[in-house]
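If you want the building blocks of each chain, they are given just below.
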Amino acid sequence: MTPLKNISEIKKYCRANWEYIEGPIRSVVVEFQGLNRLEYFVQPSCQLELELASENILYVIPYTDPWGWMNETQAQYTDWLLERLFELLSIDRNVPVISTGYSMGGLGALMYPVFSHHNVSACMANSPVCDLVSHFTERDDLPRTLMSAFMSYPGGLEAGLESRSPIHQIDRLKQIPYFIVAGWKDTDVSIKNHSQRLTALMQERGMTLTYYALPTMIHWKINDYRVLRASIDFIKGGYQKTKG
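Here's what I pulled together on the structure shown here. (Residues numbered from 1 in each chain as written. Predicted model: local features only at pLDDT ≥ 70, side-chain atom pairs only at ≥ 80, totals over all residues. Heavy atoms only, no water.)

### Brief notes about the side chain of H194
Piece 1. Within the element layout of this structure, H194 appears in the loop between β6 (178–183) and α7 (195–204).
Piece 2. Judged by relative accessible area, which is 0%, H194 ranks as buried.
Piece 3. A distance of 3.0 Å separates a polar atom in the side chain of H194 from the backbone nitrogen of C130.
Piece 4. Ignoring any residue separated from it by four or fewer positions in sequence, one finds H194 in contact with P128, V129, C130, D131, S134, H135, E138, I167 and V189. (Helix = DSSP H or I, 4+ residues; strand = E, 2+ residues; numbered from the N terminus. Buried < 20%, exposed > 50% of the residue type's maximum accessible area, 1.4 Å probe, protein only. Polar contact = N/O pair within 3.5 Å; in protein donor to acceptor, adjacent residues only side chain to side chain. Contact = heavy atoms within 4.5 Å.)

Structure (structure tokens):
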């Protein structure tokens, strides 16, 4: 069996803006979604995918497990999907991949570069989960999803959680530009327990980081236009200006 044999089948495996792009693709932005989120192709085109398409940037939302937590299957699926898209859309192999996401997908955005075989050149994470071990007890809806993702891992559940936890894997994170935004009014993923701790570790290691901690922002909903604009400009290529 050969899944995704031709370009007309893309919508079965991901949401992508390829039909709106008129020139050679110059970069690929991958967005990982939050817990229980499913982005289907029947939804109307969003402003972001149209803006990116206007600048020949491919925007891809992989249809992965909504309880995936960047486990082995989710990482492998995303790599396979990008490989097929590069082939079907004749994308140059030197084109950069930008890893993005929010909440659970923010964790995915941070960890995907560690496991990917592609040229992941930057990361933008919104309200990311950064300590997956402590997050297990942070909300009542979380244990079942984390058990589903990691209970079969060699070494057991906690070893599986640590293997995909940015704080626990800080020394494995790629040395690429990062843009992280989180809010002090977030009651779903505590900024104190997650983004504040991770960014402190990143700064200690001299990693290239742009970090916004917004005083009135709730979970993943950026409420400062300047920061929202900065996040979009970052994934469009602004990350290149942050390199040391």
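Past the structure itself, the notes keep going.
### Describing the pattern of salt bridges
Piece 1. Counting across every chain of the model gives 14 salt bridges.
Piece 2. The partner of R229 in a salt bridge is E51, and the shortest N-O contact between them spans 2.4 Å. Remark: E51 occurs in helix α1 (residues 47–54) and R229 occurs in helix α8 (residues 225–235); sequence separation between them is 178 residues.
Piece 3. On the accessibility criterion, R229 (21% relative accessible area) is partly exposed.
Piece 4. Its relative accessible area of 16% is what places E51 among the buried residues.
Piece 5. If you follow the salt bridges from partner to partner, you end up with R26, E51, E55, R229, D233 and K236 in one network. (Salt bridge = Lys/Arg side-chain N within 4 Å of Asp/Glu carboxyl O.)

### Describing the packing of aromatic side chains
Piece 1. Under the defined criterion, the tally for this structure stands at eight aromatic pairs.
Piece 2. When the ring of F150 is compared with that of Y153, the centres are 5.2 Å apart and the planes differ by 70°; the resulting orientation is edge-to-face.
Piece 3. A ring pair is formed by F234 and Y239, whose centres lie 6.0 Å apart and whose planes are at 65°; its orientation type is edge-to-face. Both residues of the pair, F234 and Y239, count as buried.
Piece 4. Feature note: the residues F179, Y212, F234 and Y239 constitute an aromatic cluster, connected by ring pairs.
Piece 5. Taking NZ or CZ as reference, R164 lies 3.7 Å from the ring centre of F115, over its face.
Piece 6. The ring of W220 is capped by K221, whose NZ or CZ atom sits 5.7 Å from the centre of that ring. (Phe/Tyr/Trp six-rings, centres within 6.5 Å; stacked < 30°, edge-to-face > 60°. Lys NZ or Arg CZ within 6 Å of the ring centre and 35° of its normal.)

### Brief notes about unusual backbone geometry
Piece 1. The backbone of L4 sits at a positive phi, close to 50°, despite the residue not being glycine.
Piece 2. Take L4: it is sitting in the segment before β1 (14–16).
Piece 3. Look at L4 and you get buried, because its relative accessible area is 0%.
Piece 4. Positive phi, close to 55°, is recorded for W69, a residue that is not glycine.
Piece 5. Tracing the sequence through the fold places W69 in the loop between β3 (57–62) and α2 (72–88).
Piece 6. W69 sits in the buried class, given a relative accessible area of 1%.

### Focus on the environment of S121
Piece 1. Residue placement: S121 occurs in strand β5 (residues 120–126).
Piece 2. For S121, a relative accessible area of 12% puts it in the buried group.
Piece 3. Through-space distance from the C-alpha of S121 to that of Y239 is 8.6 Å; in sequence the pair is 118 residues apart.
Piece 4. In this structure, S121 is in contact with P96, V97, I98, I176, P177 and Y239, ignoring residues within four places of it in sequence.

### A few points about α7
Piece 1. When we look at burial in α7, the residues that qualify are S195, L198, T199 and M202. Viewed along the axis of α7, the buried residues span an arc of 95°, placing them on a single side of the element.
Piece 2. Considering only its buried residues, α7 is in contact with α3 (104–115), β6 and β7 (209–214).
Piece 3. G206 lies just past α7 and shows a positive phi near 70°. (Arc of directions from axis to C-beta.)

### Some points on α2
Residues that lie three or four places apart on an α-helix share one face, since the helix turns once every 3.6 residues.
Piece 1. Taking 1.5 Å as the rise per residue, α2 with 17 residues should run 24 Å; its terminal C-alpha atoms sit 24 Å apart, in good agreement.
Piece 2. Along α2, the residues that are buried comprise Q74, A75, T78, D79, L81, L82, R84, L85 and F86.
Piece 3. Phi turns positive, to about 55°, at S90, one or two residues after α2. (Expected span 1.5 Å × (residues − 1).)

### Re the sheet that holds β1
Piece 1. Strand order in this open sheet of seven strands is β1-β3-β2-β4-β5-β6-β7, and the pairing throughout is mixed. Edge positions in the sheet fall to β1 and β7, since each has one partner strand and no second. Sheet twist, expressed as the average angle between the axes of neighbouring strands with direction ignored, equals 15°.
Piece 2. Here three bridges tie β1 to β3, and the two strands are oriented antiparallel to one another. When the sheet's bridge partners are listed, C14 is paired in β3 with P62.
Piece 3. In this fold α1 packs onto β1, β2 (27–32) and β3, with an angle of close to 145° to the strand it touches most, β3. (Pairing = 2+ DSSP bridges. Axes fitted to C-alpha atoms, helices over the stretch in contact; angles between N-to-C directions.)

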